[in-house]
Amino acid sequence: MFHYDPVLYSRILTEVTLAFHIIFATIGVGVPVMIALAEWTGIRKNDRYYTLLARRWARGFVITVAIGVVTGTAIGLQLSLLWPSFMEIAGQAIALPLFMETFAFFVEAIFLGIYLYTWDRFKPKRHLMLLIPVAIGSSASAFFITTVNAFMNTPQGFTLENGKITNVDPIAAMFNPATPTKVSHVLASAYMTCAFILAAIAAFSLLRRKGDRLYAKKALKLTLTAGLVFALATAAIGDLSGKFLAAYQPEKLAAAEWHFETQTKAPLVFGGILTEDKEIKYGLKIPYALSILAGGTPGFEVKGLDQIPDELEPPLYVHYFFDGMVTVGMFTIVIAALYLWLSRSKRASKPAPRWLLRVIVACGPLSMLGIWLGWFYAEVGRQPWILRGYMKVAEAATTSAHVDTMLLLFCLLYLVLGLTAIKVLSKLFKNNDVADELIAFGVFEKRGPLE
Amino acid sequence: MNLELLGITVLWVFLFGYLIVASIDFGAGFFSYYSVVTGSKNITHRIIERYLSPVWEVTNVFLVFFYIGLVGFFPETARYYGTALLVPGSLALILLALRGSYYAFSTYGSKDNQWYMLIYGATGLLIPAALSTVLAISEGGLIVETAGQITLDWSALLGSVYTWSVVLLAIVSVLYISAMFLAYYAHKAKDEAAFEIVRGYALVWSVPTILASVLVFFAISRHNPEHFTKMLDLAWMFVVSFLCFLIAVYAVWKKRHLGLGFTFVLLQFAFAFFGYGASHLPYILYPYITIHENFTNPAMGTALIIAFIAGLLILIPSLVLLMRLFLFDAGYVQGNRDKKG
């Protein structure tokens, strides 16, 4: 560590910024959809509980959007500050979606501003309409940015000759082979994660026996139903991603699965540790599963790391990122299904067991952990490349002498922002009691609270 | 008009948009904090908050749009500016991040937290100072390329009269533009007490704005004579800018036609900003990057222009809606509408 290495520090700074930003970016993409779902349910069922749900979520959402905006600005600029040579090359071929992303975000920002300040100025249906451009804008942002990341994995739409880029086709660059699976996986997992985070909040207030029980139970049912649907979609798309990797980035799949020898009927290894001679110990082997994941049939031949030159092999610890991500996905599916089964209408009178509520609370942060693991897998699994087949990470970084100091400053910034956000958000909800708001809202006019 | 000129014009228009919207925002933040410290909070703070709350997210996007567009249209700017600006760029980013977040914290979360207000107010002056140094750097002589290694010459940057004159102009203009806008907004809101205060700010900061501009002219004639000569060729633009300034200040002085007055503030800065920009061409960075030699490939250039036009078709109606709801809606401006839910 005594030797100053701008490449290493640039990588760490980018990782830290992305890890912090992705929390707020994920919330920014998924929560508008959840708010829309709640407000729409409120209108459809003519149930003010759901309207209040939408209002309270929106109130907290705006704080996270602020941090999402500023950290998004940071990563946008850091791409040029830390990876100038990459941006010079990439700018020639993939600038189009980057440019369009700003438009998408522009629309989102404008309509979010209008939405927040017009709850009582417009009729409910018209107010809900304002959320449509917000949700489309945020999902379109995610779409455009993810195409850029997809391009880094499977670059196409240009020719590189003697360091010069020619024959650029911006559309082909944007719709590269990685785009469909990557974009849909990012969107579905963002929706899923937000559903589980909001479910965690509802479960938490049920556990504390404060606030209004009916309100929290309605919130829990809505969020977990949405969470289950999105989690199943995420898993299905994840399966397609496996087939994409086998076809276009076999080294990434092989590294994640510790798949050393090219073979058919390949088993899938879950967990375990790797010995010095690359033998897998204590792992759970599922026969044929890797061949099925990669090609759909047990007879599919999966390319192993034996066909990849050593210097182009991704780090093997991505295995744990991959397994962690899959575990989180499966676990949340089981928990959401279990809760919905237990609370089905036949036994609606019985309250959900407290241990289950506790597990649901844990599912919120767990889903976010899943997002992190997924991104770490996607990014570390691309190593040593920044632009697969064209440019390595080490060639792309800045040569500036002060990346270490900047790293320190940004870490401090994120620490301060994160802590203040937690403080402000918890204060916001403590100061606005659900029961009081329901009364102010006219839900309890004559009778007392329902439960 | 060829593609590269169209590209740089689009970017310059967006930078101008940022200059105006951000100046209003930065200056308002400073005045807002100032009003808390001096105890006139109740008078001016309401006006400032009512305008800023719904539009703050939009401000940052103008800036992001500018630099993403710059790298898109002129990819080599990434390597030169990116390498040289790591430190000033990171500092500006940190300030912007603090500002955006703490605005949200103080507006939507903990009201009346003095620390949040201080961060918000102070960054309002520090950010324009930090960002304006990029304009100084673009004049050349401060970024040096030796044997393929690009570095920023810090002592030249900090020792340059031109740098400091640009920083001064940026700070003073922020306060001037913001006060002129708030005077118009307060007048529209029929808030007499607030109007009197911000009108005072507007008049106080008008003369320093002109003095700082003159200083910049003087400094650039020393720093980059080639650019200064080209500015003289476009002298009429700067003269028109000055006339617009006189009309705008006269309107505020007489307390009449304030909407028109603010329009002349916009024109004043538009003429000066585009005069400066046009005379800066063809260079984006003296002497390394020009719009002709460093333009992206034609395919990407065309795609970006098409995307831009399509984007504008969505963006302009949205912006009009935003302005009609919060800027030109008399009921909202006067505070007769419901607040955030």
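Note that residues are indexed from 1 along each chain, following the sequence as it is written. Here the convention is simple: chains get letters from A, ligands get numbers from 1, in the order in which they are written. For this predicted model, a pLDDT threshold of at least 70 governs which residues receive local features, and a threshold of 80 or more governs which side-chain atom pairs are given and counted, while totals over whole chains, interfaces and linings are taken from all residues. Side-chain measures here rest on the full set of heavy atoms in the structure, leaving out hydrogens and waters.

Draft legend 1. Structural view of the overall build of chain A. In this description a helix means any DSSP run of H or I spanning at least four residues, a strand means any run of E spanning at least two, and both kinds are numbered starting from the N terminus. When helices and strands are counted, chain A shows 14 helices and eight strands. We take the radius of gyration over the C-alpha atoms and set the globule estimate at 2.2 Å times the residue count to the 0.38 power. Taking 22 Å as the expected radius of gyration for a compact globule of 451 residues, we find that chain A reaches 24 Å, a close match to that expectation. Here the C-alpha coordinates of chain A stretch approximately 80 × 45 × 45 Å along the principal axes. Residue exposure (1.4 Å probe, protein chains only): buried if accessible area is under 20% of the type maximum, exposed if over 50%, otherwise partly exposed. Residue burial in chain A is summarised as follows: out of 451 residues, 59% are buried. Should any heavy atoms of two residues lie within 4.5 Å, those residues are considered in contact. Taking the contacts inside chain A whose residues are at least 6 apart along the sequence as the reference set, 79% of them involve residues at least 24 apart. Carbon and sulfur atoms form 65% of the exposed surface of chain A, whose accessible area is close to 19200 Å². Positive charges come from Lys and Arg alone, negative charges from Asp and Glu alone, with His and the N- and C-terminal ends not counted. Taken as the charge location is NZ of Lys, CZ of Arg, CG of Asp or CD of Glu. Across chain A, the centroid of the 41 positively charged side chains sits 17 Å from that of the 32 negatively charged ones. Residue-level accessible areas treat just the shown protein chains as cover; the underlying method is Shrake-Rupley with a 1.4 Å probe.

Draft legend 2. Broad picture of the packing of aromatic side chains. When two rings of Phe, Tyr or Trp (its six-membered ring) have centres within 6.5 Å they constitute a pair, described as stacked for plane angles under 30 degrees, edge-to-face for angles over 60, and tilted for the intermediate range. With the rule as written, the count across this model stands at 44 aromatic pairs over all chains. Ring geometry for Phe 158 of chain A against Tyr 390 of chain A: centres 4.8 Å apart, planes inclined by 50°, an arrangement best described as tilted. Remark: Tyr 390 of chain A occurs in the loop between β7 (385-387) and β8 (391-392) and Phe 158 of chain A occurs in the loop between α4 (124-153) and β1 (159-161); sequence separation between them is 232 residues. Looking at Phe 158 of chain A, the relative accessible area reads 10%, which means it is buried. Ring pairs connect the aromatic residues Phe 99, Phe 103 and Phe 106 of chain A together with Phe 14, Phe 62, Phe 65, Phe 73, Phe 74, Phe 295 and Phe 308 of chain B, which therefore count as one cluster. Arg 44 of chain A extends its terminal NZ or CZ atom over the ring of Trp 40 of chain A, reaching a point 4.6 Å from the ring centre. In this scheme, the term charge over a ring applies when either NZ of a lysine or CZ of an arginine sits within 6 Å of the ring centre and within 35 degrees of the ring normal. Here the guanidinium or amino end of Lys 392 of chain A rests over the ring plane of Trp 385 of chain A, the centre of that ring lying 5.5 Å away.

Draft legend 3. Molecular detail of helix α3 (residues 84-116) of chain A. Residues and elements named next belong to chain A. Multiply 1.5 Å by the residue count of a helix minus one, and that product is the helix's expected span. In a regular helix each residue adds 1.5 Å, so 33 residues correspond to 48 Å; α3 covers only 38 Å between its end C-alpha atoms and thus falls short of that length. Its maximal kink placed at Ile 94, α3 deviates by approximately 80°, while the proline Pro 97 follows within four residues. Burial analysis of α3 places 32 of its 33 residues in the buried class, the great majority of the element. Note that the bend at a residue is defined as the angle between axes fitted to the seven residues ending at it and the seven residues starting at it.

Draft legend 4. Layout of the environment of Leu 253 of chain A. All names here are of chain A. Turning to its location among the elements, Leu 253 is positioned in helix α8 (residues 250-257). As for Leu 253 and Glu 276, which are separated by 23 residues in sequence, their C-alpha atoms are 21 Å apart. When near neighbours in sequence (up to four residues on either side) are disregarded, Leu 253 contacts Gly 242, Leu 245, Ala 246, Leu 290, Leu 293, Ala 294 and Tyr 377.

Draft legend 5. Main features of the interface of chain B and chain A. Each partner contributes to the interface: chain B provides 68 residues, whereas chain A provides 66 residues. Defined in terms of a 1.4 Å probe, buried area is the accessible area two parts forfeit on being brought together, summed over both. Across the chain B/chain A interface, buried area totals approximately 6200 Å², and carbon plus sulfur atoms make up 76% of it. Throughout this description, the term salt bridge denotes a Lys or Arg side-chain nitrogen within 4 Å of a carboxyl oxygen of Asp or Glu. At the boundary of chain B with chain A, the tally comes to one salt bridge. Note that Glu 88 of chain A is salt-bridged to Arg 79 of chain B, the shortest N-O span being 2.7 Å. If you list the elements that add at least two residues to the side of chain B that touches chain A, you get α2 (41-73), α3 (76-84), α4 (86-109) and α12 (298-326) of chain B. Per-element tally for the side of chain B that touches chain A: the top contributor is α4 of chain B, with 17 residues. In this classification, the charged set is Asp, Glu, Lys and Arg, the nonpolar set is Ala, Val, Leu, Ile, Met, Phe, Trp, Tyr, Cys and Pro, and all remaining amino acids, among them Gly, are polar. When grouped by side-chain class, the residues that make up the side of chain B that touches chain A number 43 nonpolar, 18 polar and seven charged.

Draft legend 6. Structural context of helix α9 (residues 225-233) of chain B. Residues and elements named next belong to chain B. Within the sequence span of α9, burial applies to His 227, Phe 228 and Met 231. Viewed end-on, α9 has its buried residues packed into an arc of 100°, placing them on one side of the element. Buried positions along α9 lie against α8 (192-223), α10 (235-254) and α11 (258-280). It is the directions from the helix axis to the C-beta atoms whose arc is reported.

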